[in-house]
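# Structural description and commentary
The residues making up each chain are set out below.
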Amino acid sequence: GAVVSQHPSRVICKSGTSVKIECRSLDFQATTMFWYRQFPKKSLMLMATSNEGSKATYEQGVEKDKFLINHASLTLSTLTVTSAHPEDSSFYICSARPSGTTTDTQYFGPGTRLTVL
Amino acid sequence: GENVEQHPSTLSVQEGDSAVIKCTYSDSASNYFPWYKQELGKRPQLIIDIRSNVGEKKDQRIAVTLNKTAKHFSLHITETQPEDSAVYFCAAKFSSDYKLSFGAGTTVTVRA
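Owing to the predicted nature of the structure, the values given are computational and were not obtained by experimental measurement. (Residues numbered from 1 in each chain as written. Chains lettered and ligands numbered in written order. Predicted model: local features only at pLDDT ≥ 70, side-chain atom pairs only at ≥ 80, totals over all residues. Heavy atoms only, no water.)

The next subject is the sheet that holds strand E3 (residues 19-25) of chain B. Strand pairing in a sheet relies on backbone hydrogen bonds. The paired strands run either parallel or antiparallel. Residues and elements named next belong to chain B. Read from one edge of the open sheet, five strands run E1-E3-E8-E7-E6, paired in antiparallel fashion. Only two strands of the sheet have a single partner each, and these edge strands are strand E1 (4-7) and strand E6 (56-59). When strand polarity is set aside, the average angle formed by the axes of neighbouring strands in this sheet is 15 degrees. Inspection of the sheet shows E1 paired to E3 by four bridges, in the antiparallel sense. Looking at E3, one finds that Glu5 is bridged to Thr24. (Pairing = 2+ DSSP bridges. Helix = DSSP H or I, 4+ residues; strand = E, 2+ residues; numbered from the N terminus. Axes fitted to C-alpha atoms, helices over the stretch in contact; angles between N-to-C directions.)

If you want it as structure tokens, here you go:
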């Protein structure tokens, strides 16, 4: 149980285009999901907290108009990188916390490798 | 926000030996401390976690200890095996929300 999927696993796009990444909790509902960014051989940096039915909460220094987050259902959150540039190339990982419980555990998706040319 | 420091950054051990990774946190209100294992290009996998009301937790070859007074917690892997080779991250959760702050990671290499 507690499986989180991400789609796509890899994406290559041209500079200036937008890319949407989906994060799904497959066998549980998640009121709260999180989006992280990870550079090679570096730690996970929290970008934003995605809340079902309300606006996402962004960490300091993360541009909300650049990284659009939508959490339209209890099993799906999307991250859209708008007008992508080479510096946005990174490994983006989501996580989900099961709702309706007191657990603090976050289950991670497999990540999406974004390359902007 | 929470600041988590992790040491060492790299750790090489002989197969069968023990590995210990240490983390310190800054916020005394933190109450949840998970450890994740991440293999290259893969997702972080939760391997063990501990809450602030417990001092030690063990699961087979893996154990975590927590010292709330000193604000540090450690991961202990005994009888290491080559498949234990990976990057390990500690994390801490501030009590008032569900966000995790991660340490910088430790690359563990188990030599056969």
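Don't stop here, the text continues.
All names here are of chain A. Strands sit in the order E1-E3-E8-E7 across an open sheet of four strands; the sheet is antiparallel. Here the strands that pair on one side only, and so sit at the sheet edges, are strand E1 (4-7) and strand E7 (67-73). The sheet shows a mean angle of 15 degrees between the axes of neighbouring strands, direction not considered. Summarising the sheet, E7 and strand E8 (residues 76-81) pair through five bridges and their orientation is antiparallel.

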